[in-house]
Amino acid sequence: KRNSLLFSLQKIRPALMKAYPRIDSVEIRRDSLHRITIIVRERIPAGLWCLSAHERCFYYDAHGIAFSEVASSSGFLFVPVNDARDRTIEIGNSVAPASWRQEMLEVKKVLQFGGIGASQFIIPRDSFNEFHVVVADGWSIFYNNELDVKRQTDNLLAFLKEKISPEERKKLEYVDLR
């Protein structure tokens, strides 16, 4: 119905982006009167955000945009965030404010540097400013998002190094940094 002369390059980009949420960017150029080149780059997953109340999980990109729903299971490549708050996430929208995502990423990095692996993040149902980290040994760390989480984590690592042996750590239930 349309030929390449009447084809609108400006209209195809937003149409593709809306139709396919996995698209990160689209480059469109007219090579000749009868040839158009379209280069599509897919979003790269940066993490996994799960709404445990609705049993839904989403991959999100570096900008926090949910772009694909995945089945809730175990064995993910990413440390999942299990958000128990009563809320929804729509494909194409942010999974959470940047501050939440950045704080959790910071905690994961500092813990990993300190030899503690995070197995999941939990945001409690009634949380406005706290989250928990379940570590590989099975115990939890409670954080307050309104305080400096890096400082909380640094203090925890110093405390663990000085006061608690690796054998004793395995017996912990939780450490409350709030």
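These notes cover the structure that comes with them.

About the criteria used
Residues numbered from 1 in each chain as written. Predicted model: local features only at pLDDT ≥ 70, side-chain atom pairs only at ≥ 80, totals over all residues. Heavy atoms only, no water. Buried < 20%, exposed > 50% of the residue type's maximum accessible area, 1.4 Å probe, protein only. Helix = DSSP H or I, 4+ residues; strand = E, 2+ residues; numbered from the N terminus. Arc of directions from axis to C-beta. Contact = heavy atoms within 4.5 Å. Disulfide = S-S within 2.5 Å. Phe/Tyr/Trp six-rings, centres within 6.5 Å; stacked < 30°, edge-to-face > 60°. Pairing = 2+ DSSP bridges. Axes fitted to C-alpha atoms, helices over the stretch in contact; angles between N-to-C directions.

1. Some thoughts on helix 1 (residues 9-19)
Next up, step 1: Among all positions in helix 1, only Leu9, Ile12 and Leu16 are buried. For helix 1, the arc enclosing every buried residue in end-on projection is 50 degrees, short of the 170-degree limit, so these residues lie on one face. Relative to its buried face, helix 1 has exposed residues pointing more than 90 degrees away, namely Gln10, Lys11 and Lys18.
Next up, step 2: Elements that come into contact with the buried residues of helix 1 comprise strand 1 (23-32) and strand 2 (35-42).

2. Comments concerning the state of the cysteines
Here, the word disulfide means a covalent bond between the sulfur atoms of two cysteines.
Next up, step 1: Under the definition given, this model contains one disulfide.
Next up, step 2: Here Cys50 is linked by a disulfide to Cys57, with a sulfur-sulfur distance of 2.1 Å. Taking the sign of the S-S torsion, about 110 degrees here, the bridge from Cys50 to Cys57 comes out right-handed. One exposure class covers both Cys50 and Cys57, and it is buried.

3. Some thoughts on the packing of aromatic side chains
Next up, step 1: Evaluated as defined, the whole model comprises six aromatic pairs.
Next up, step 2: Their ring planes at 70 degrees and their centres at 6.2 Å tell us that Trp49 and Tyr60 sit as a pair that is edge-to-face. Taken together, the residues span a long stretch of sequence, with Trp49 in strand 3 (residues 47-51) and Tyr60 in strand 4 (residues 56-60) at a distance of 11 residues.
Next up, step 3: Look at Trp49 and you get buried, because its relative accessible area is 0%.
Next up, step 4: For the pair Tyr59 and Phe78, a centre-to-centre distance of 5.9 Å together with 70 degrees between the ring planes defines the contact as edge-to-face. Linking Tyr59 in strand 4 with Phe78 in the loop between strand 5 (66-70) and strand 6 (80-83), this pair joins segments that are 19 residues apart in sequence.

4. Let's talk about the pairing of strand 8 (residues 130-135)
Next up, step 1: Most of strand 8 is tucked away: six of the six residues are buried.
Next up, step 2: Of the two faces of strand 8, both are covered, the one formed by Glu130, His132 and Val134 as well as the one formed by Phe131, Val133 and Val135.
Next up, step 3: Across four bridges, strand 7 (residues 118-123) lies against strand 8 in antiparallel orientation. The residue bridging Ile122 from the neighbouring strand is His132, located in strand 8.
Next up, step 4: Connecting strand 7 to the next strand, strand 8, in antiparallel fashion are six residues.

5. Points about the sheet that holds strand 8
Next up, step 1: Pairing within the open sheet is mixed, and its eight strands lie in the order 5-4-3-6-7-8-9-10. Looking at which strands have only one partner, the edges of the open sheet turn out to be strand 5 and strand 10 (174-176). Averaged over all pairs of adjacent strands, the angle between their axes in this sheet comes to 25 degrees, without regard to strand direction.
Next up, step 2: Along the sheet, helix 2 (residues 98-113) contacts strand 3, strand 4, strand 6, strand 7, strand 8 and strand 9 (140-144); its crossing angle with strand 8, the most-contacted strand, is approximately 30 degrees.

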